[in-house]
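The residues making up each chain are set out below.
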Amino acid sequence: MADFDPLNSISLLLPLLALLSLCLLPFIFFPIFRRQKQAPPRKNPTPQSYPIIGNLPGFLRNRHRFHDWIADMLSQTPTSTLQVNTFLNLSPGVCTANPANLHHLLVANFPNYIKGSRFHDFLHDLLGEGIFGVDGHLWTMQRKLSSYEFNTKSLKHFISDVVTSQLDQNLVPYLYTACNENRIIDLQEILQRFSFINICKVAFGVDIESMDNSGFAKAFNDAVDICSSRFFAPIPAVWRIKRSLNIGSEKKLKESIKIIDDFAFEIIKSKAKQEQYDWRNQDLLSRFMAKTSSEIEFDDEAKKRKFLRDVIISFILAGKDSTSTALTWFFWLVNGHPHCDRLILNEVTTLDPTFTYDDLKSLNYLHAALSESLRLFPPVPINSRLTVSDDVWPDGTHVLKDWFADYSAYAMGRMEKVWGPDCREFKPERWLHGGDGVFKPSDQFKFPAFHCGPRTCLGKDMAFVQMKTIVVALMHEFEIIAVDGGATAEKMMDPPYTLSLLLKMRGGFLVRLKKRRFNPN
């Protein structure tokens, strides 16, 4: 191998840096000139902000604890809202954890806050024109179609049956083997794989483990990670340049999207060959194909296939990691709170091993514990919109056209003004009626883990069905023992999460399993 020559490497880099600098000029100066005429009529709170560089130093210092940094700053402002000043003020915006603002943003003035060009740029390569990245007619049409399908009782039972079948055939036997061998396992990774198998069965109607998926799972993970990095890039112009030059992570993203497309189109093609659909045992793709054939017109077959591809990829993104992420934090929290573990186990043991979909409704304390876990660790910790026109929020915050408007579900769960002085504690009891122990839902604008208003998550009820089914099956068979001891008070102050679209646990969730020793009767 040739000796490394740093001087020569630097000399080679200088022309590239000069080129990058020239490419950056339009991104830097044009937005500045354009926004000089857009000074807000009232200055909003801007903690840890500096001239020119904005919040960049604080972001770089707190990158490893980004969501807690945001929560800390929001708790220091009078209205739980702050203005975000980016580098060179290239992309100004606001962030809130105020329930009144959330209602205004997501319901009262819903048309003024869209996914828009910012969200489109970040995720269009992966999601295309799917429901989670579009506005207007495209969103309305998909929402209407999806709402009907998600409300059908047959689909709810189908999803419940899929989870139960995969538990019996795959997950529980695998965990028994790990338990017998006394192995330390990464439960987060195992739950992610399990959720991925389930969502592919529900969405595509295929067993992804029994077929050659040509690297689809890895390509999907890579694509999501790269799109996530776009959201949190300190200087967005960098990834845009990489995309235009087709280098680095952006080149890898294109390669991953090609694998995703090939696999999805092959599944769609195979489904199209089926002459009729069995409504008693039907996946989402079959349902959408039946609807598109009768209710939606396309210019040609290629556009129809592209639409179906975007719909299904969106559902995979929504269902692949969200449930596994929520369950990871749930088991971590329960490990650090033994009394909660006992109360959940008391409920679990009341169910017959052949429990049904309707039996899960009786698990009030489990539902409360899952909700409390979602309050503290929502799978999607922060969400973003783009402002169509100037607006003033209920708390007096001024937002201008083309500003981003973020709301932090993670911070909302840590606001004393919203949840009281014990807001950072894991207390499922806060969700129960004092006397009868029946689950009591919260105001959705205090608990936006499933979003709010017209864009409320359609899969909320099914997510609880899946999570309850998995918890019952696992806790009935095993004691799940966190290697790190679980959510102690100290760890709760600095939770080990990654900076991504989803609030995954950093380094995985390492556990040991012990066979449960109790008499179910």
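In every chain, residue numbers begin from 1 and rise along the written sequence. Owing to the predicted nature of the model, reporting of local features is limited to residues with pLDDT of at least 70; listing and counting of side-chain atom pairs is limited to 80 or more, with chain, interface and lining totals taken over all residues. Processing note: side-chain calculations cover all non-hydrogen atoms of the structure and skip hydrogens and water entirely.

Caption draft 1: Fine view of the UniProt feature "transmembrane region" (unreviewed entry) in the protein. When the UniProt feature table is mapped onto this chain, "transmembrane region" (unreviewed entry) is found at residues 12-33 and 311-332. The helix and strand labels rest on DSSP assignments: H or I over at least four residues marks a helix, E over at least two residues marks a strand, and numbering proceeds from the N terminus. Annotated as residues 311-332, this span is 95% helix and 0% strand, and its ends, taken at the C-alpha atoms, are 33 Å apart. UniProt positions are given in the numbering used here, feature names are shortened, and annotations may be inferred rather than shown by experiment.

Caption draft 2: Region of interest: the pattern of salt bridges. By definition, a salt bridge exists where a carboxyl oxygen of Asp or Glu is found within 4 Å of a side-chain nitrogen of Lys or Arg. Per the counting criterion, the structure on display carries 22 salt bridges. Ionic pairing is found between Lys-258 and Asp-262, a salt bridge with its closest N-O pair at 2.7 Å. Placement of the pair is Lys-258 and Asp-262 together in helix H11 (residues 248-272), with a separation of 4 residues, close to one helical turn. Per-residue accessibility, obtained with a 1.4 Å probe over protein chains only, is compared with the maximum for each type, and a residue is labelled buried under 20%, exposed over 50%, and partly exposed between these values. Its relative accessible area of 40% is what places Asp-262 among the partly exposed residues.

Caption draft 3: Quick peek at helix H13 (residues 301-320). Taking 1.5 Å of rise per residue, 20 residues should cover 28 Å, and H13 covers 28 Å from first to last C-alpha, within 8% of that figure. Most of H13 sits inside the fold, with 14 of its 20 residues counted as buried. Two N or O atoms form a polar contact when they lie within 3.5 Å of each other; inside protein one atom must be a possible hydrogen donor and the other a possible acceptor, and for residues adjacent in sequence the pair counts only when both atoms belong to side chains. Measuring from the backbone nitrogen of Ala-302 back to the side-chain oxygen at the start of H13 gives 3.1 Å, which picks out Asp-300 as the cap. To estimate how far a helix should extend, the number of its residues minus one is multiplied by 1.5 Å.

Caption draft 4: Representation of the environment of Ser-256 in the model. By secondary structure assignment, the location of Ser-256 is in helix H11. What makes Ser-256 buried here is its relative accessible area of 5%. Residues Ser-256 and Gly-215 lie 41 residues apart in sequence; the distance between their C-alpha atoms is 8.9 Å. Beyond its immediate sequence surroundings of up to four residues, Ser-256 is in contact with Ala-219, Asp-222 and Ala-223. Any two residues whose heavy atoms approach within 4.5 Å are treated as being in contact.

Caption draft 5: Broad picture of the sheet that holds strand E1 (residues 81-84). Note on pairing: two strands pair once DSSP finds at least 2 bridges between them. Within the open sheet, the 5 strands sit side by side as E1-E2-E8-E5-E3. Their pairing is mixed. Edge positions in the open sheet fall to E1 and strand E3 (113-114), since each of these has one partner strand only. With respect to the sheet, helix H3 (residues 66-76) is in contact with E1, strand E2 (93-96), strand E5 (382-387) and strand E8 (404-408), its orientation differing from that of E1 by roughly 120 degrees. Here the axes come from fitting lines to C-alpha atoms, over the contacting stretch only for helices, and the angles between their N-to-C directions go from 0 to 180 degrees. Across the sheet, helix H4 (residues 99-108) touches E1, E2, E3, E5 and E8, and the angle it forms with E8 is around 130 degrees.

Caption draft 6: Broad picture of the packing of helix H10 (residues 237-245) against H11. Two elements in contact, H10 and H11, have axes whose closest approach is 7 Å; the angle formed by their N-to-C orientations is 55 degrees. Accordingly, the angle class assigned to the pair H10 and H11 is oblique. For the pair H10 and H11, the crossing hand works out as right-handed. Facing H10, whose interface residues are Trp-239, Lys-242 and Arg-243, H11 presents Gly-248, Ser-249, Glu-250 and Lys-254. Amino acid classes used here: Ala, Val, Leu, Ile, Met, Phe, Trp, Tyr, Cys and Pro are nonpolar; Asp, Glu, Lys and Arg are charged; the rest, including Gly, are polar. Among the residues forming the contact of H10 with H11, the class breakdown is 1 nonpolar, 2 polar and 4 charged. Any angle from 65 to 115 degrees is called roughly perpendicular, while one under 35 is roughly parallel, one over 145 is roughly antiparallel, and all others are oblique. If you view the pair so one helix is near and one far, a crossing is left-handed when the near helix is turned anticlockwise from the far one by less than a right angle, and right-handed when it is turned clockwise.

Caption draft 7: Region of interest: the packing of aromatic side chains. Pairing of aromatic rings covers Phe, Tyr and Trp, the last through its six-membered ring, and needs centres within 6.5 Å; plane angles under 30 degrees mean stacked, over 60 mean edge-to-face, and all others mean tilted. One pass over the full model with this rule turns up 23 aromatic pairs. With 5.5 Å between their ring centres and 75 degrees between their planes, Phe-66 and Phe-232 make a pair best called edge-to-face. With Phe-66 in helix H3 and Phe-232 in the loop between helix H9 (216-231) and H10, this pair connects stretches of sequence that are 166 residues apart. The same class applies to Phe-66 and to Phe-232, which are both buried. Grouped by ring-pair contacts, the aromatic residues Trp-329, Trp-332, Phe-377, Tyr-410 and Tyr-497 constitute a single cluster. Positioned over the ring face of Phe-119 is Lys-115, at 4.3 Å from the centre of the ring. Over the ring of Tyr-174 we find Arg-193; its NZ or CZ atom is 5.7 Å from the centre of that ring. Any Lys NZ or Arg CZ found within 6 Å of a ring centre and within 35 degrees of that ring's normal is scored as a charge over the ring.

Caption draft 8: Highlighting the pairing of strand E10 (residues 510-515). Two strands pair when backbone bridges link them, and strand E4 (residues 185-186) and E10 are joined in this way by 2 bridges, in the antiparallel orientation. Its bridge partner being in E10, Asp-186 is matched across the sheet by Leu-510. Summarising the sheet, strand E9 (residues 478-482) and E10 pair through 5 bridges and their orientation is antiparallel. Looking at the pairing, Phe-478 lines up with Lys-515 of E10.

Caption draft 9: Local environment of the pairing of E8. By the criterion of burial, E8 is predominantly enclosed, with 5 of the 5 residues buried. Residues of E8 alternate between two faces, with Phe-404, Asp-406 and Ser-408 on one and Ala-405 and Tyr-407 on the opposite face, all of them buried. Bridging between E2 and E8 involves 4 bridges; their strand directions are parallel. Its bridge partner lying in E8, Cys-95 is registered against Asp-406.

Caption draft 10: Representation of the sheet that holds E4 within the structure. Taken in spatial order, the 3 strands of this open sheet run E4-E10-E9, and their pairing is antiparallel. The open sheet is flanked by E4 and E9, the only strands paired with a single partner. Against the sheet, helix H19 (residues 460-477) engages E9 and E10, with an angle of about 95 degrees to E9.

Caption draft 11: Structural context of the nonpolar core. With 148 residues, the main nonpolar core has Leu-126, Phe-204, Phe-216, Ile-316, Phe-331 and Ile-344 as its most contacted residues. Per element, the largest residue contribution to this core is 11 residues, and it comes from H19. Leave out the neighbours within four places in its chain, and Ile-316 touches Phe-196, Ile-199, Cys-200, Ala-203, Phe-204, Phe-216 and Phe-220. Side-chain atoms within 4.5 Å are what join buried Ala, Val, Leu, Ile, Met, Phe, Trp, Tyr and Cys residues into a set we call a nonpolar core.

Caption draft 12: Region of the structure containing the side chain of Asp-391. Here Asp-391 is to be found in strand E6 (residues 391-392). In this structure Asp-391 is buried but unpaired, with Arg-385 as the nearest side chain of opposite charge at 12 Å. A polar atom in the side chain of Asp-391 sits 2.6 Å from the side chain of His-104. If we skip the residues at most four places from it in the chain, Asp-391 touches His-104, Asn-109, Asn-112, Tyr-113, Thr-397, His-398 and Val-399. Note that His is not counted, nor are the chain ends; the positive residues are Lys and Arg, and the negative ones are Asp and Glu.

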